[in-house]
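Survey of secondary and tertiary structure
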Amino acid sequence: MALLNILHFPDPKLRTVAKPVTVFDPELRQLVRDMFETMYEAPGIGLAATQVDRHIRLLVMDVSDQSNHPRCLINPEIVEADGEEETDEGCLSVPGFYEKVRRAEHIRVRAQNDFGETIEFEAEGLEGVCVQHEMDHLDGKLFVDYLSSLKRNRIRSKLVKQMKQKDFD
Ligand code: QAP
Ligand code: CO
C-alpha cells in the first residue's frame, strides 16, 4: 500500500483531461487501493485519479458516516440528470476552502468497476454531488471554476502563499 501525493490548485496538471481506462489489470486495482488509502488518510470523501497525477478516468469515493462504503467508478458517465441544488463543497486539491456550488439534484450514473463490469445506479444528496465533483476532475475541472473570478483568484493567491511558506518551514 502507498499514500499518493495530492496535487493542489493552481497546479496546471489538474487541468489534464483523463483518458478512458481500457485495461482492467492488477496494476489498476493496486492504484485503486492506493487511492482509497490516500482518500481515507486525508481524510476525504472523494478522490479522482487526476488529483494524484494519474490521468485516467477513475475515481474513488465513500460518503458514508463510518467510512465503510467504498465505491470505485471507472469510465463514469451521467446518463440522466434532473433538478438543481446548492451544496457547500470542498476539495482535497483546494485545502481549507469551502464554497456553495449548484449541481444536478438527482443523477443516474453508468460506470465500470475495477474488474470492468458495468454498474448503474442513481444518486442524490451528498453522493450525487460527490460523483459530479469527482467527474469534473477527470475533465480538468475544479469546483472553484464555478465561483466568480474574484473568489477564485483570492483562493489561488492564498494557496500559492501557503505553499511558498511551506517551502521555508
Ligand atoms: C468532494 O471532497 C466533495 O479543504 C470531496 O482541508 C466535497 O473529500 C463532494 C478535504 C463536498 C461533495 C461535497 C477538504 C479535506 C476533503 C479540505 C473532499 C481539507 C481537508 C474534501
Ligand atoms: Co475535488
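Up top is the structure these notes are about.
The structure reproduced in this document is the subject of the present report.

Conventions adopted
Residues numbered from 1 in each chain as written. Chains lettered and ligands numbered in written order. Predicted model: local features only at pLDDT ≥ 70, side-chain atom pairs only at ≥ 80, totals over all residues. Heavy atoms only, no water. Donors = N, O, S within 2.8 Å, 3.2 Å for Na, K, Ca; no water. Helix = DSSP H or I, 4+ residues; strand = E, 2+ residues; numbered from the N terminus. Buried < 20%, exposed > 50% of the residue type's maximum accessible area, 1.4 Å probe, protein only. Core = buried A, V, L, I, M, F, W, Y, C linked by side-chain atoms within 4.5 Å. Contact = heavy atoms within 4.5 Å. Lys, Arg positive; Asp, Glu negative; His and termini not counted. Salt bridge = Lys/Arg side-chain N within 4 Å of Asp/Glu carboxyl O. Pairing = 2+ DSSP bridges.

1. A word on the coordination of the cobalt ion (ligand 2)
Coordination sphere of the cobalt ion (ligand 2), protein contribution only: Cys91 (SG), His133 (NE2) and His137 (NE2), at 2.1 to 2.2 Å. Taken in sequence order, the residues that donate to the cobalt ion (ligand 2) follow the motif C-x41-H-x3-H. Linking Cys91 in the loop between strand E4 (85-89) and strand E5 (99-103) with His133 in helix H2 (residues 125-138), this pair joins segments that are 42 residues apart in sequence. For Cys91, a relative accessible area of 11% translates into the label buried.

2. Description of the nonpolar core
Of all hydrophobic cores here, the largest spans 16 residues; its most connected members are Met35, Leu47, Leu58, Val60 and Cys72. For this core, the elements supplying multiple residues, two or more each, are helix H1 (26-41), strand E2 (58-61) and strand E3 (71-82). At six residues, the largest contribution of residues to this core is made by H1. Residues in contact with Cys72, not counting those within four places in the same chain, are Val32, Phe36, Leu58, Leu59, Val60, Gln112, Asn113, Asp114 and Ile119. Counting residues in each nonpolar core, the second largest holds 15 residues, with Ala104, Ile107, Cys130 and Met135 among its members.

3. Some remarks on the side chain of Arg152
The residue Arg152 is located in helix H3 (residues 149-168) in this model. No salt bridge forms around the buried Arg152; measuring N to O, its nearest opposite-charge neighbour Asp145 is 4.7 Å away. Once residues lying within four places of it in the same chain are set aside, the contact partners of Arg152 are Phe9, Val144, Asp145 and Leu147.

4. Quick look at the pairing of E5
Judged by which residues are buried, E5 turns out to be one-sided: Glu99, Val101 and Arg103 face inward and are buried, whereas Lys100 and Arg102, on the alternate face, are not. As defined by bridge partners, E4 adjoins E5 across five bridges and the pair is classed as antiparallel. Within E5, the position partnered with Glu85 by the bridge is Arg103.

Everything listed here is a matter of geometry and, on its own, says nothing about what the molecule does.
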